[in-house]
Structures are given as C-alpha cells and as structure tokens.
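A closer look at the structure
This is what each chain is made of:
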Amino acid sequence: MSARLARRDHRAAWFFLLPVIAAMLVVAVWPLGRTFFFAFTDAYLDDPSVYSMVGIANFLEVFNDPSWWLAVRNTLIFTVVSVSIETVLGLAIALLINEAIPGRGLARAAILVPWAIPVVVATKIWEWMLNDQFGVINKVLIELGLIDHGVAWTASGSLIMGVVIFIDVWMTTPFMVLLILAGLQMLSHEIFEAAAVDGIPAWKRFWSITLPMLRPAIGVAVLFRSLDALRMFDLSYVLAGSNEKVMTVSIYARDRLISFQELGVGSAASTWVFMLVALVAIILIGALRLDRAAGH
C-alpha cells in the first residue's frame, strides 16, 4: 500500500512539474541552446539562415579581443566594489530598522523606494542631477564651497565608474536590506537575551553571535547581487552608452550582436558571459559555503 502511494505521489509530482519544465524549455533552454549553436557559425543578424560552421573561431576572436578583457575588468571592478558597499550598508540598515525604534514601519517602507524605481528612470534622474550645467548636485556643492565650478560627473573618464557604482548602490542596497532583515527576524531572541544577562558586550554579541548566525542570509544576498551585477547592462548603457570606461561584458556582447550584426561572434560573447557568471556562482557558493548552509 505504501509503495502504491509513493508511486502515485511520484506521478503527481511530475504532473505538477511538467508545466514548469515546459516553460523553462521555452524561455531558457531553447534560447540558450540556440545561442550556443550560433556561436560556432559565421552567421549575421540580417539573415541568420545563411551560415557555415567555423568551430571555435568566434570564441577565440572574443578571447583575443582587448575590448573584451577591458569589459571583463570593468565588470569585475563594478561587481566587487558595488556588492561590497551594498553588503555593508545593507547589514547596517537592517540592524537599525530591526530594532524597536520610533517610525520603524515608515523606515522599512521608505527604504524600498529606490529599489522600486525602474533602472532607466533612476539612471536618468541621477544623470540630470549630476549635470555640470543645471544639476542640483553641482549647485549644492558650489553653494557649500566644495567646488568652484560644475563637474561633468558623467562625462569624465576618471569619474564615470564611480558614478555608476554610486547609482547602483543607491538603487539596490534595499534588496540587501530586505534579505538580511529577513535573516535577522528568523534568529532566536533567547540567545541574545541570555548573552546580555551574562554581561557579554554588544559588539561581541554582534561579532560572535549575530554575524555567524546571519552568514547564510548574507551569503545568499551576496550571491544574488553578485550574479545580477555581473550581468549589468541597463545602468551603464543608459548612462554612458558603449563608453569603454564602463563597458560591461553584457554591453560588449550587445554591441557585437546588434551594432555590428555579428550573430556568430555576438553569440560567442554571450556564451562567454554565461560561463563567467556560472564560474563566479560556483566560486561564491563554495567560498560562502552556501551548499553546507542549505544542508543544515
């Protein structure tokens, strides 16, 4: 009887999974497989039906292109710096609004506003605010005497990466706050109360109890944000187009595919992006020990 019930449950599970599997095949597996196929051809976007197989020539062309490695460097710098800042800020804000302070509910709602604004809209708002002629940021800095003339924040090659990182931190720190706050609210209060009764200082409670118990939540937040940052396209492209100072791997792949109409090379670049993201995901899961955390 138990074996019959097990088989019935197994069939029911597959029945409910079939729509999800079908959707994944349509929206993920098929496009990815088609992209991988065209990466081995010399096809062009104007007529994808005309092509010949070229082996790994497209992969080698991308690999040997200095612009690709510049895009990789920009992407890694952006990812490491922005995710690091967002993690620190997210943890600090989550700890603050987790306490019983006046206006905590309002603060939790307000913190979501930057995350709720579409990326293109938020980028354009900051571009106007940072304009060297009529931007409010320059006006405030001049009024404070910090600068004597408007700074072209988005036109300066030495400043543009910092601007991109700043806007991304402003927009996505709330995401980190939400994930870390959810982890904080799952912690047992009895442990902290016992530590306080034993006279353990607050900083030591944070370092020895809060942080270790929050490691899975912080690890998941860092993983999600890192993978999202590695694929970043819209923020840099809206702000600076194909400017090499902030060109990411996604922008590089887009330019080869759309601007130059090179379907084969663009597909190879997209495949390299996929492999880069997958490699970083594997490294982060191992480094943060998220597989072990999930096992517990």
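These figures come from a predicted structure and were not determined experimentally. Sequence order as written defines residue numbering, which begins from 1 separately in each chain. Whole-chain, interface and lining totals are the exception, using all residues; otherwise, since this is a predicted model, local features are given only for residues with pLDDT of at least 70 and side-chain atom pairs are given and counted only at 80 or more. Water and hydrogen atoms play no part in the side-chain values, which are based on all heavy atoms of the structure.

1. A word on the overall build of the protein
Formally: Helix and strand assignments follow DSSP, with helices taken as H or I runs no shorter than four residues and strands as E runs no shorter than two, numbered in order from the N terminus. Put simply, the radius of gyration uses C-alpha atoms, and a globule should come to 2.2 Å times the residue count raised to 0.38. Accessibility here uses a 1.4 Å probe with only protein chains present; expressed as a share of the type maximum, an area under 20% marks a residue as buried, one over 50% as exposed, and anything in between as partly exposed. Contact criterion: two residues are considered in contact whenever any of their non-hydrogen atoms come within 4.5 Å of each other. Computed with the Shrake-Rupley method and a 1.4 Å probe, the accessible areas treat only the protein chains shown as cover for residues.
Check the secondary structure of the protein and you find 14 helices and zero strands. For the protein, whose C-alpha radius of gyration is 24 Å, the value lies well above the compact-globule estimate of 19 Å for 296 residues. Considering only C-alpha atoms, the protein reaches an extent of 85 × 75 × 30 Å along its principal axes. In the protein, which comprises 296 residues, the share counted as buried stands at 34%. Taking all contacts inside the protein whose residues are at least 6 apart in sequence as the whole, residues at least 24 apart take part in 66%. Entry remark: accessible area of the protein is about 17,300 Å², with carbon and sulfur atoms responsible for 70%.

2. Regarding helix H10 (residues 202-230)
The criterion, for reference: Expected span, for any helix, means 1.5 Å times one less than how many residues it has. Note on bend: the value at a residue is the angle between axes fitted to the seven residues ending there and to the seven starting there.
Compared with the 42 Å implied by 1.5 Å per residue over 29 residues, the 36 Å span of H10 between its first and last C-alpha is markedly short. When the local axis directions of H10 are compared, the greatest deviation, roughly 55°, occurs at Arg215, which is followed within four positions by the proline Pro216.

3. Considering the environment of Trp115
Topologically, Trp115 is positioned in helix H5 (residues 113-116). We classify Trp115 as partly exposed; its relative accessible area is 41%. Distance from Trp115 to Glu244, taken between C-alpha atoms, is 27 Å for residues 129 residues apart in sequence. Look past the residues within four positions of Trp115 in its chain and what remains in contact with it is Met171, Pro174, Phe175 and Leu178.

4. Examining a positive patch on the surface
To be explicit about the condition: Like-charged residues are merged into a patch within 9 Å and nonpolar side chains (Val, Leu, Ile, Met, Phe, Trp, Tyr) within 5 Å, provided each residue has over 30% relative accessible area and no salt bridge. A pairing counts as a salt bridge when a side-chain nitrogen of Lys or Arg comes within 4 Å of a carboxyl oxygen of Asp or Glu. For the charge count, each Lys or Arg is scored as positive and each Asp or Glu as negative, with His and the chain ends excluded. Positions of charges follow a simple convention, taking NZ of Lys, CZ of Arg, CG of Asp or CD of Glu.
The grouping of Arg4, Arg7, Arg8 and Arg11 at the surface amounts to a positive patch. Secondary-structure assignment places Arg4 in helix H1 (residues 2-38).

5. With respect to the environment of Ser270
Here Ser270 shows up in helix H13 (residues 263-287). Residue class for Ser270 comes out partly exposed when judged on its relative accessible area of 27%. Remark: the alpha-carbon pair of Ser270 and Phe36, spanning 234 residues in sequence, is separated by 8.5 Å. Beyond its immediate chain neighbours, meaning those up to four positions away, Ser270 contacts Thr35 and Ala253.

6. Considering the side chain of Asn138
Stated precisely, the cut-off is as follows: We call two N or O atoms a polar contact when they sit within 3.5 Å, provided that within protein one can donate a hydrogen and the other can accept it, with sequence-adjacent residues counted only if both atoms are side-chain atoms.
As for its placement among the helices and strands, Asn138 is situated in helix H7 (residues 136-143). According to the relative accessible area criterion, Asn138 is buried, its value standing at 2%. A distance of 3.0 Å separates the side chain of Asn138 from the backbone oxygen of Asn131, its partner in a polar contact. The residues touching Asn138, leaving out its near neighbours within four places in the chain, are Met129, Leu130, Asn131, Asp132, Ile147, Gly150, Val151 and Trp153.

7. Comments concerning unusual backbone geometry
Look at Gln261: it is not a glycine, yet its phi comes out positive at around 60°. By the secondary structure assignment, Gln261 is in the loop between helix H12 (249-259) and H13.

8. Overview of the nonpolar core
Put simply, the rule is: To form a nonpolar core, buried Ala, Val, Leu, Ile, Met, Phe, Trp, Tyr and Cys residues must be joined to one another through side-chain atoms within 4.5 Å.
Judged by nonpolar contacts, the single largest core of 37 residues is most densely connected at Phe78, Val164, Ile167 and Leu214. Per-element tally for this core: the top contributor is helix H8 (residues 160-185), with 14 residues. Ignoring any residue separated from it by four or fewer positions in sequence, one finds Ile167 in contact with Trp126, Leu235 and Leu239. Membership of the second largest hydrophobic core comes to 23 residues, among which are Val62, Val249, Ala268 and Val277.

9. Comments concerning the environment of Ala43
By the element assignment, Ala43 lies in the loop between H1 and helix H2 (57-63). Note: C-alpha distance between Ala43 and Leu263 (220 residues apart in sequence) is 5.4 Å. Ignoring sequence-local partners within four residues, the contact set of Ala43 consists of Phe38, Pro48, Val50, Tyr51, Glu262, Leu263 and Gly264.

10. Thoughts on the UniProt feature "transmembrane region" (unreviewed entry) in the protein
In plain terms, the rule: UniProt positions are given in the numbering used here, feature names are shortened, and annotations may be inferred rather than shown by experiment.
The positions UniProt marks with the feature "transmembrane region" (unreviewed entry) are residues 12-32, 76-97, 109-126, 159-184 and 269-290. Secondary structure over residues 109-126 splits into 78% helix and 0% strand, and the C-alpha atoms at its two ends are 22 Å apart. In the segment residues 159-184, helix accounts for 96% and strand for 0%; the C-alpha atoms at its two ends are 36 Å apart.

11. A look at a nonpolar patch on the surface
A cluster of nonpolar side chains, namely Trp14, Leu17, Leu18, Val20, Ile21, Met24, Leu25, Val26, Val27 and Val29, defines an oily patch on the protein surface of about 940 Å² accessible area. Examined against the element boundaries, Trp14 turns out to sit in helix H1. Judged by relative accessible area, which is 43%, Trp14 ranks as partly exposed.

12. Comments concerning the pattern of salt bridges
Counted by the stated rule, this structure contains nine salt bridges. Across the pair Arg225 and Glu86 runs a salt bridge, and its minimum N-O distance is 2.8 Å. With Arg225 in helix H10 and Glu86 in helix H3 (residues 66-98), the pair connects residues that are 139 residues apart, well separated along the chain. Of the two residues, Arg225 and Glu86, both sit in the buried class. Salt bridges sharing partners connect three or more residues here, namely Glu86, Asp168, Arg225, Asp228 and Arg231.

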